[in-house]
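# Fold and contact review
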Amino acid sequence: MSRTWTLRKQKQAGAQAGGAVTAADRRQLAAGAGAGAGGQNPLEILKRRFHSGELGSVPVALGLVVVWIIFESLNENFLSPRNLSNLSVDIVGPGMISIGVVFVLLLGEIDLSVGSVSGLAAAVFAVLSVNQGMPEAPALVLAVLGGTLIGAVQGFFLAKVGVPAFVVTLAGLLGWNGLMLYILGASGTINIDENGLVAKLTSYYFTNVAAAYGLAALGTAAFFLASYHGVRRRRAAGVPCRPMSEIVLRTGVLAAISLAAAWVLNQFLGLPLALLIFLVMLVGLDYVLRRTPYGRMIFALGGSVEASRRTGLNVSLVRISVFMVSGTMAAIGGLFLASRVTSASQTSGGGNLLMDAIAAAVIGGTSLFGGRGRTWSALLGVLVIQSIASGVALMGIQTAVQFMITGGVLLVAVVIDSLSRRAQRAHGRV
């Protein structure tokens, strides 16, 4: 308290002495910072970010390129329009689950129940829509709300009772999986309508070429406008910001990637509905994390629980809400996975789904220590994992090799995260 009071007095004294910074001074400072950054060589900027632990998603993006080059050199069908289109749909189910995992990891916690929750949601939908004859739309809503309720229950035990997240969600992994088996009954498998609402989530394509190209153009324009607005806002506040040259470069790279992806998708069946929904969810939840008070509370809580509590943040409420997000996204992901195979079975949510969802978030750049990550981490990470799975399947290699490769990539990602935190700590950023 005394140190805070002293700093406050020093600031007041500086202002009384005429040292207050005017709005013009702040704009000049921001312009100077932007000009200074703009005059640096890109290699120098990359080197500085490497030493300060601020590489962001660069390593995983380079890793993805390496994976694609290796598998394409081994099998020329890997980068074919058919395989890439199938890959764009395959990433949606695990990707949705991984988005929820990103939220939990930002708190520095873990959710081991997401696989079981996804399987339970698929089972609930199948039982309600097929066995009970309920229309698919309300059955879908109830299945998703079931995931939300599960997240609230697990968050309550963590935030209010004080049970560690690892224990709570480990119990959930077992309990919700048992409930799924009980719901499915003796048959063990329920086939859903192949022409129904859920089945079309992964089988419907926008065949008009304008859909894919329009989405690419809209996304690029929105990125540029959002970045430009952010620069103006930061300059007006006197905060250092990215130079316009960097924003233009980023926009150009995004435009090239988006248009190339649209061209590839149009060479097969067009824009998948599943991919469109996934991208909308990514953008929407990224906005929630980075542009809303709720998102800032999540980052603050992941940075320091005690400091957040002292500022008056409702720690328990934020924790419960984050696990509700995780449960909801797990249920949505489970429905997409059920849509892909048009059934719910005893294996739903099992296998390596849990590990893939967590690994995708970590490989994509979300820190295991909390406080750092974005929803786009889920996209990058799941792209790496599913690309490895697709390449291994095309080559007819045993699944064991896929596990070993994915495990090695995960280890590298965690090592980079640890080194990054060490570098940030050395520069006084942690």
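Numbering of residues starts from 1 in each chain and follows the order in which that chain's sequence is written. Note on the predicted model: pLDDT of at least 70 is required for a residue's local features to be given, and 80 or more for side-chain atom pairs to be given and counted; whole-chain, interface and lining totals, by contrast, use all residues. Hydrogens and water are ignored here; the side-chain numbers use all heavy atoms of the structure.

Numbered from the N terminus, helices here are DSSP runs of H or I no shorter than four residues, and strands are runs of E no shorter than two. Counting its regular elements, the protein chain contains 19 helices and 4 strands. Residues classed as buried in the protein chain amount to 43% of the 430 residues present. We call two residues contacting when some pair of their heavy atoms lies within 4.5 Å. Restricting the contact set of the protein chain to residue pairs at least 6 apart, pairs at least 24 apart contribute 79%. To measure how exposed things are, a 1.4 Å probe is used in the Shrake-Rupley method; for residues, cover is taken only from the protein chains shown. Accessible surface, the protein chain: about 21600 Å² in total, of which carbon and sulfur atoms supply 66%. Under the scheme applied here, a residue whose accessible area is under 20% of the maximum for its type counts as buried, over 50% as exposed, and between as partly exposed, the area being computed with a 1.4 Å probe on protein chains only.

Here a cavity denotes grid points, spaced 1 Å and computed from the protein atoms alone, that fit a 1.4 Å probe unable to get out, and a pocket denotes an open set having protein on both sides within 12 Å along at least 5 of 7 lines; residues with an atom within 4 Å of a point are the lining. Grid points are joined across faces, edges and corners, and a volume is the space filled by probe spheres set on the points. Approximately 650 Å³ is the volume found for the second largest pocket. Forming the boundary of the second largest pocket are 32 residues, of which Pro94, Leu337, Val341, Asn352 and Leu353 lie nearest the centre. Taken together, the elements giving at least two residues each to the lining of the second largest pocket come down to α5 (81-90), α6 (92-106), α7 (114-131), α16 (315-341), β4 (343-345), α17 (353-363), α18 (376-395) and α19 (399-426). Throughout, the ten residues Ala, Val, Leu, Ile, Met, Phe, Trp, Tyr, Cys and Pro are labelled nonpolar, Asp, Glu, Lys and Arg are labelled charged, and all others, Gly among them, are labelled polar. Here the lining of the second largest pocket is built from residues that sort into 13 nonpolar, 16 polar and 3 charged.

Another point: helix α11 (residues 209-236). For α11, which comprises 28 residues, the first-to-last C-alpha distance of 41 Å matches the rise-based estimate of 40 Å (1.5 Å per residue) to within 8%. Where α11 is concerned, the buried positions are Ala212, Ala216, Thr220, Ser227, Gly230 and Val231. Considering only its buried residues, α11 is in contact with α12 (244-266) and β3 (271-272). Note on α11: the residue one or two positions beyond its end, glycine 238, has a positive phi of about 75°. Multiply 1.5 Å by the residue count of a helix minus one, and that product is the helix's expected span.

For the rest of this paragraph, the subject is the nonpolar core. Within soluble globular proteins, side chains that are nonpolar generally end up buried alongside one another. In terms of nonpolar packing, the biggest core is built from 86 residues, with Ile91, Ile99, Phe103, Phe278 and Ile298 touching the most fellow members. Here this core gets 12 residues from one element, more than from any other, and that element is α16. Those residues in contact with isoleucine 99 that sit more than four places away from it in its chain are Phe278, Leu282, Leu285, Met329, Thr375 and Ala378. One finds Ala216, Ala262, Leu265 and Leu275 within the second-largest nonpolar core, a separate group that totals 6 residues. Note on terminology: a nonpolar core comprises buried Ala, Val, Leu, Ile, Met, Phe, Trp, Tyr and Cys residues joined through side-chain atoms within 4.5 Å.

If you check α18, its first and last C-alpha atoms are 29 Å apart, about what 20 residues at 1.5 Å a residue would give, namely 28 Å. The element α18 is largely enclosed, with a buried count of 16 among its 20 residues. Glycine 396 sits one or two residues past α18 and shows a positive phi near 70°.

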